[in-house]
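Descriptive analysis of the structure
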Amino acid sequence: MADTLEAQSKPTDDPLTPHPDTLVVIGNRHIRRGQLNHAVPNILQLQRRIRRYNADHDVPHGDIVALALDTWLRAKGYPPDLTPPQAEAP
């Protein structure tokens, strides 16, 4: 299992570098998306900071959140299973 996790999450020199698989997913505008709603501390000014990053880099708000969370979760040892589910046999 450790080998599988290692293969999915190769570390880079910069821990904030998005995983290549994540960049492919983010770049695919035809991929299904879902809403992610969580209360976060206002003092962190996350919404304002996301808007500023969007204005500076033209990255959609949802992509900023997806990249940040995916990078953090991978770093903590929780990579996604990006293999599509197999269709069940009739």
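The helix and strand tally for the protein stands at four helices and zero strands. Secondary structure elements in the protein, listed N-terminal to C-terminal, are α-α-α-α. Residues classed as buried in the protein amount to 14% of the 90 residues present.

What follows is about helix α4 (residues 61-75). Here α4 contains 15 residues, and its C-alpha end-to-end distance of 21 Å stays within 8% of the 21 Å for a straight helix at 1.5 Å per residue. Listed as buried for α4 are Asp63, Ile64, Leu67, Asp70, Thr71 and Arg74. One side of α4 carries all its buried residues, which in axial view fall inside an arc of 145°.

Counting across every chain of the model gives three salt bridges. Between Arg29 and Asp63 there is a salt bridge, and its shortest N-O distance comes to 2.4 Å. A residue pair is termed long-range when its members are at least 10 positions apart, and Arg29 in the loop between α2 (20-27) and α3 (46-57) and Asp63 in helix α4 qualify at 34 residues. Classification of Asp63 by relative accessible area gives buried; the value is 2%. The salt bridge partner of Arg33 is Asp63, with a shortest N-O separation of 2.9 Å. With Arg33 in the loop between α2 and α3 and Asp63 in helix α4, this residue pair connects regions lying 30 residues apart in the sequence. Residue class for Arg33 comes out partly exposed when judged on its relative accessible area of 45%.

Each value, and the rule that gives it
Residues numbered from 1 in each chain as written. Predicted model: local features only at pLDDT ≥ 70, side-chain atom pairs only at ≥ 80, totals over all residues. Heavy atoms only, no water. Helix = DSSP H or I, 4+ residues; strand = E, 2+ residues; numbered from the N terminus. Buried < 20%, exposed > 50% of the residue type's maximum accessible area, 1.4 Å probe, protein only. Expected span 1.5 Å × (residues − 1). Arc of directions from axis to C-beta. Salt bridge = Lys/Arg side-chain N within 4 Å of Asp/Glu carboxyl O.

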